Amino acid sequence: MTESPHAAHLAQLNVATLLHPFDDPRMAPFVEMLDPVNAAADAAPGFVWRLVEEGAADATGLRPAGADVVVNLSVWQTQEALWDFAYRSGHLEVMRRRREWFARHVEAHMVLWWVPAGHLPTVGEALERLAELRAHGPSPRAFTFASAYPADEAAPHLGTAPHLGTVPPARPRPAVPSARPAPSQDVAAAR
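Residues numbered from 1 in each chain as written. Predicted model: local features only at pLDDT ≥ 70, side-chain atom pairs only at ≥ 80, totals over all residues. Heavy atoms only, no water.

Caption draft 1: View of the confidence of the model for the protein chain. With 79% of its residues at a pLDDT of 70 or more, the protein chain has an overall mean of 81. Under a pLDDT of 50 for its full length, residues 160-191 has, in the predicted model, 67 contacts with residues more than four places off or in other chains. (pLDDT = per-residue confidence, 0-100. Contact = heavy atoms within 4.5 Å.)

Structure below.
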């Protein structure tokens, strides 16, 4: 985990419903983008941590929100750092092509919230924040880029998450060979 002078960090959860099984050749372009995009996130200014499945290079094998739903959970030093990575890096190409691999969500699929520096949110905590955003709309406890709240306004809510607690800093993870299926060579790149 990256050291930070900030008292609070920004956590984000993004869920995406697959249009095809992960080993379907139509998903190959997305699968091919995972390692480079995750490496770019890990090296991005302001990056703190991202959820990774035990023994894997990413979290795509975890399905806590349903068998056809992938989750992305990460922590950033600031909202600006997350914004820059999401919209001013190679990640933007993935977002532009997301309709090739993921269903359009009718309700919120991404949530942001502030956590104390050093806290790594659990998937359960993240899904609770998403449910809160869906049920009650944006608040200092659960918001979006378009409805953001500053960390100081969220400060009274930092200790109210049911799973909140600090954890020791994460150690850098060594590169792990991917267990994802090899992409089909006749599939056009898409995401």
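Caption draft 2: Helix α4 (residues 123-136), seen in detail. For α4, spanning 14 residues, the distance from its first C-alpha to its last is 20 Å, which sits close to the expected 20 Å at 1.5 Å a residue. All of the buried residues in α4 are V123, E125, A126, R129, L130, E132 and L133. For α4, the secondary structure elements touched by its buried residues are β1 (8-17), β3 (69-76) and β4 (110-116). One or two residues past the end of α4 sits G137, with phi positive at roughly 80°. (Helix = DSSP H or I, 4+ residues; strand = E, 2+ residues; numbered from the N terminus. Expected span 1.5 Å × (residues − 1). Buried < 20%, exposed > 50% of the residue type's maximum accessible area, 1.4 Å probe, protein only.)

Caption draft 3: Examining the pairing of β1 more closely. Where burial is concerned, most of β1 is hidden: nine out of the ten residues are buried. Here eight bridges tie β1 to β3, and the two strands are oriented antiparallel to one another. If you follow V15 over to β3, its bridge partner there is V71. (Pairing = 2+ DSSP bridges.)

Caption draft 4: Looking closely at the sheet that holds strand β2 (residues 47-50). Strand order in the open sheet formed by four strands is β2-β3-β1-β4, with antiparallel pairing between adjacent strands. In the strand order of this sheet, the two ends are held by β2 and β4, each with one partner. Ignoring strand direction, the axes of neighbouring strands in this sheet form an average angle of 25°. In this sheet, β3 lies alongside β2 in antiparallel orientation, the contact comprising three bridges. Directly across from R50, in β3, lies its bridge partner S74. (Axes fitted to C-alpha atoms, helices over the stretch in contact; angles between N-to-C directions.)

Caption draft 5: Geometry of the nonpolar core. Among the nonpolar cores identified, the biggest contains 29 residues, and F22, F30, W76, F102, L112 and W114 are the most heavily contacted of them. Elements that contribute at least two residues to this core include exactly β1, α1 (28-43), β3, α2 (79-87) and β4. No other element matches the six residues that α1 contributes to this core. Those residues in contact with L112, other than ones at most four positions away along the chain, are L10, A11, Q12, L82, R141, A142, F143, T144 and F145. Core analysis: the second largest hydrophobic core is formed by 20 residues, V15, V71, V111 and L130 among them. (Core = buried A, V, L, I, M, F, W, Y, C linked by side-chain atoms within 4.5 Å.)

Caption draft 6: Fine view of the packing of aromatic side chains. Throughout the structure, instances matching the rule amount to nine aromatic pairs. Arranged with centres 5.1 Å apart and planes meeting at 90°, the rings of F30 and F102 form a pair that is edge-to-face. In this pair, F30 sits in helix α1 while F102 sits in the loop between α3 (91-96) and β4, placing the two residues 72 residues apart along the sequence. Of the two residues, F30 and F102, neither departs from the other in class, the shared state being buried. Connected via pairs of aromatic rings, a cluster forms that spans F22, F30, W101 and F102. Against the face of F22 rests R63, its NZ or CZ located 5.6 Å from the ring centre. (Phe/Tyr/Trp six-rings, centres within 6.5 Å; stacked < 30°, edge-to-face > 60°. Lys NZ or Arg CZ within 6 Å of the ring centre and 35° of its normal.)

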